[in-house]
Amino acid sequence: MTAYCLLQDSMVRSVAIIGAGVSGLASVKCCLDEGLEPTCFERSEDIGGLWRYTNSMDSRRVSVYHSVITNTSKEMSCFSDFPCPEDFPSYLPHSLLMEYFRMYARHFDLLRHIRFKTTVLSVRKRPDFATTGQWEVVTEANGAQKSHTFDAVMVCTGHFQEPYLPLASFPGIDTRFKGRYLHSREYKDAEAFRGKRVLVIGIGNTGGDLSVELSHVAAKVFLSVRSSTWVVSRLSDQGFPLDMINTTRFNHFLDWLLPSALMRRIRFRKFNSWFNHANYGLASTKSSNFKVIVNEELPFCLLSGTIVLKSNVKEFTESSAVFEDGTTEENIDVVLFATGYIFPFSFLEESVRSLFDDNRSLYKRIFPPQLEKPTLAIIGLVQLTGSVMVGAEMQARWVTGVFAGWNKLPPTSKMMADVLKKKPPVESNPSERKNLKMSFISYIDEIASCAGIKPSVLKLLLTDPRLALAIFFGPCSPYQYRLVGRGKWRGARDAILTQWQRTLRPLRTRVADDSSDSSSSWHWMCFLVLPVALTAGFLFSKYPPLGWSPQAGPQL
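Quick notes on the rules
Residues numbered from 1 in each chain as written. Predicted model: local features only at pLDDT ≥ 70, side-chain atom pairs only at ≥ 80, totals over all residues. Heavy atoms only, no water. Helix = DSSP H or I, 4+ residues; strand = E, 2+ residues; numbered from the N terminus. Buried < 20%, exposed > 50% of the residue type's maximum accessible area, 1.4 Å probe, protein only. Contact = heavy atoms within 4.5 Å. Areas by Shrake-Rupley, 256 points an atom, 1.4 Å probe, with all protein chains shown as cover. Pairing = 2+ DSSP bridges. Polar contact = N/O pair within 3.5 Å; in protein donor to acceptor, adjacent residues only side chain to side chain. Axes fitted to C-alpha atoms, helices over the stretch in contact; angles between N-to-C directions. Parallel < 35°, antiparallel > 145°, perpendicular 65-115°, else oblique. Nonpolar A, V, L, I, M, F, W, Y, C, P; charged D, E, K, R; others polar. Core = buried A, V, L, I, M, F, W, Y, C linked by side-chain atoms within 4.5 Å. Phe/Tyr/Trp six-rings, centres within 6.5 Å; stacked < 30°, edge-to-face > 60°. Lys NZ or Arg CZ within 6 Å of the ring centre and 35° of its normal. Salt bridge = Lys/Arg side-chain N within 4 Å of Asp/Glu carboxyl O.

Novice: What exactly am I supposed to notice about the overall build of the chain here?
Specialist: Of regular secondary structure, the chain possesses 19 helices and 22 strands. Going through the 556 residues of the chain one by one, you find that 54% of them count as buried. The long-range fraction of contacts in the chain, counting pairs at least 24 apart against all pairs at least 6 apart in sequence, stands at 70%. Surface accessibility of the chain: about 25000 Å² in total, with carbon and sulfur atoms responsible for 53%.

Novice: What is the right way to read the sheet that holds strand 15 (residues 313-316) from this model?
Specialist: Backbone hydrogen bonds hold the strands of a sheet together, and the pairing may be parallel or antiparallel. Read across the sheet, three strands follow the order 15-16-17 without closing on themselves; strand pairing throughout is antiparallel. Two strands in the sheet have a free side with no partner beyond their single neighbour: strand 15 and strand 17 (328-329). Looking at chain direction, strand 16 (residues 321-323) and strand 17 are connected through two bridges and run antiparallel. What sits directly across from Ala321, in strand 17, is Glu329.

Novice: Whenever I open this one, the environment of Arg176 confuses me. Can you help?
Specialist: Within the secondary structure, Arg176 is located in the loop between strand 8 (162-163) and strand 9 (180-183). Of note is the side chain of Arg176, whose polar atom sits 3.1 Å from the side chain of Glu315.

Novice: What should I look at first to understand the packing of helix 8 (residues 249-257) against helix 16 (residues 465-473) in this one?
Specialist: The angle between the axes and the distance between the axes are what describe a pair of packed helices. Axis separation between helix 8 and helix 16 bottoms out at 5 Å; the angle between their running directions is 55°. One way to sum up the angle between helix 8 and helix 16 is to call them oblique. Contact with helix 8, carried on its side by Arg249, Phe250 and Phe253, involves Ile471, Phe472 and Phe473 of helix 16 and no other residues of that element. Tallied by class, residues from the contact of helix 8 with helix 16 come to five nonpolar, no polar and one charged.

Novice: What's the story with the nonpolar core in this structure? I'm lost.
Specialist: Soluble, globular proteins show a tendency: their nonpolar side chains are buried together. Judged by nonpolar contacts, the single largest core of 105 residues is most densely connected at Phe101, Met154, Phe367 and Phe403. Here this core gets ten residues from one element, more than from any other, and that element is helix 12 (residues 388-404). Not counting chain neighbours up to four residues away, the residues in contact with Phe367 comprise Leu362, Pro374, Leu376, Ala377, Trp398, Val399, Val402, Phe403 and Leu409. Ranked by size, the runner-up nonpolar core spans 22 residues in total, among them Phe129, Val137, Phe343 and Phe345.

Novice: Quick question: what am I supposed to make of the pairing of strand 6 (residues 144-150) here?
Specialist: Regular strands place side chains that alternate from one sheet face to the opposite one. Here strand 5 (residues 135-141) runs beside strand 6; their pairing, made up of seven bridges, is antiparallel. Opposite Glu136, over in strand 6, you have Thr149 as the bridge partner. Turn length for the strand 5-strand 6 hairpin, with the two strands adjacent in sequence and antiparallel, is two residues, and the turn residue Asn142 shows positive phi of about 55°.

Novice: Whenever I open this one, the sheet that holds strand 3 (residues 114-115) confuses me. Can you help?
Specialist: In space, the five strands of this open sheet follow the order 3-2-1-7-20, with parallel pairing throughout. At either margin of the open sheet sits one strand with a lone partner, and together these are strand 3 and strand 20 (376-378). Relative to strand 3, strand 2 (residues 37-41) is paired through two bridges, and the arrangement is parallel. When the bridges of strand 3 are listed, Phe41 appears paired with Arg115. Here helix 2 (residues 22-33) sits on the sheet in contact with strand 1 (14-18), strand 2, strand 3 and strand 7 (152-155), set at roughly 170° to strand 1. Sheet strands in contact with helix 12 are strand 1, strand 7 and strand 20, and its direction is about 175° off that of strand 7.

Novice: How do you make sense of the packing of aromatic side chains when you look at a structure like this?
Specialist: Aromatic ring pairs are described here by two measures, namely the spacing of the ring centres and the angle between the planes. Summed over all chains, the structure comprises 33 aromatic pairs. Considering the side-chain rings of Phe177 and Phe316, the 5.5 Å spacing of their centres and the 50° angle between planes classify their relative orientation as tilted. One end of the pair, Phe177, is in the loop between strand 8 and strand 9; the other, Phe316, is in strand 15, with 139 residues separating them in the sequence. Take Phe177 and Phe316: they sit in the same class, and that class is buried. The interplanar angle of 35° and the centroid separation of 5.1 Å between the aromatic rings of Phe250 and Phe473 together place this pair among those described as tilted. With Phe250 in helix 8 and Phe473 in helix 16, the pair connects residues that are 223 residues apart, well separated along the chain. Taking relative accessible area as the criterion, Phe250 reaches 25% and is therefore assigned partly exposed. Here a set of aromatic residues connected by ring pairs shows up, and it is made of Phe79, Phe82, Tyr100, Phe101, Tyr104 and Phe108. Sitting over the ring of Phe108, Lys29 keeps its end group 4.6 Å from the ring centre. One Lys or Arg, Arg486, reaches over the ring of Trp406 and ends 3.9 Å from the middle of that ring.

Novice: Got a minute to help me understand the side chain of Thr248 in this structure?
Specialist: When you line up the elements, Thr248 lands in the loop between helix 7 (242-246) and helix 8. We classify Thr248 as buried; its relative accessible area is 3%. Those residues in contact with Thr248, other than ones at most four positions away along the chain, are Ile441, Phe472, Phe473, Gly474, Pro475 and Cys476.

Novice: Explanation requested: the pattern of salt bridges in the structure shown.
Specialist: As enumerated under the stated definition, the model contains 28 salt bridges in all. Close ionic contact of Arg112 with Asp109 constitutes a salt bridge, the shortest N to O distance being 2.6 Å. Take Arg112: its relative accessible area is 61%, and that puts it in the exposed class. Ionic pairing is found between Asp445 and Arg249, a salt bridge with its closest N-O pair at 2.7 Å. In this pair, Asp445 is assigned in helix 14 (residues 440-451) and Arg249 in helix 8, connecting sequence segments 196 residues apart. In this structure Arg249 comes out as buried when scored by relative accessible area, which is 6%. Among the ionic contacts, a cluster of salt bridges with common partners joins Lys29, Asp33, Asp81, Glu393 and Arg482.

Okay, here's the thing in structure tokens:
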């Protein structure tokens, strides 16, 4: 069947893409790969979305703070058919990440499909939606509104849309407290807080980063924590990126094979091998409700007293914060809420928006299953234990395959059953939502299987043992999903086998003499682990993993 016939059968040709961040760029490229006609609407003047830093305090736009650096390494975060330059460091500041996005957009000629300074006001089903699946999209540019008709819509605005500011949970903050309070979205750099006594509420990655940065200039920083929090470093053993060491199919196989209680004990022991979290008041091995954040400096700041850990805030007075453990901190100048975001999707018509309160109600975290036609996809509304960039691209590849007719969705009844089966209870506080966090390999493999692009380790062991071992024991990098199926990339094998070289290349600015030769030991290791890989490949093919467990905690 030709691509043209598939497009005719699927009734989808024109696709509206909302947002030109990482999800939007991947969606434009995937549409082009499938022969679709994308039009991307971006309300700002540039690509990059959240990652495009700006000093502007535009209330409509969220951007990273100036000092931010990625928590996932370049090899584990890049687009699957476009590796980061080898001279880029493993962890990228926002400026280099933006440079990479621009390289990607230029290489695949994406910019001509993006309409900048164009805001999407509304997305509504057309009267004949039940038969055509078409949408009416109203946009505004230069003060003029325009209506468009599209066969499908990909919403790529992510989950960092509107700040969540839970003032009602902190009595006195907006009535008695005389100091300043703000959401982390308003934070750009630390200079405005010099000499201040600052209370940071929330210990996600943002709360940890900002507390550390503020501790360099503030008189004192207090960090209010509600739940157990394990702190890990971006650096793993021997200085390699943590995600390249931990996010492997072998470790994923162990997670599936061994009892969860045992894996949790192993994981907690690994966390505590860096420092004892209970001594710092951060986490206990007895806690079943916990989060994991990435921060190299936080433990030392706690050890040196520049940051003081506190329990949850009970209430505020005119100048102090009273905590649930009965302690009080006086003379608080600023309260900084690192309490997360909500994603209202206000441009969607109410009948559509009411179908999902968050991604738990979406089939595979993407499709509203109740729609008569599967022509609306929410891209990037996921939080993974790995890179969301990889997750968004994988979603876009599957979705555009569905639009083009290559991939089929099950009946509505089966999609609803799948949603209900995987829909656990969720906290009302967005900063505490565990439902968005899923195992990276489980979720990416699940979507890749739907798209027909998941590699088979067992088959590779028979045809290309070297590559199979690299895939099973090495990092589960995005290139693995370009080995087979639609979108297969000829450079995928080489990208996998050379990923460690690209990781070490930017460090070779000064070569230290090390005459040890590990090549023989590597060959012996490959020989010894071959039976393990064969057994694991067989078991995974016969007994597939259950997928993801949103209540099992982060799978590092």
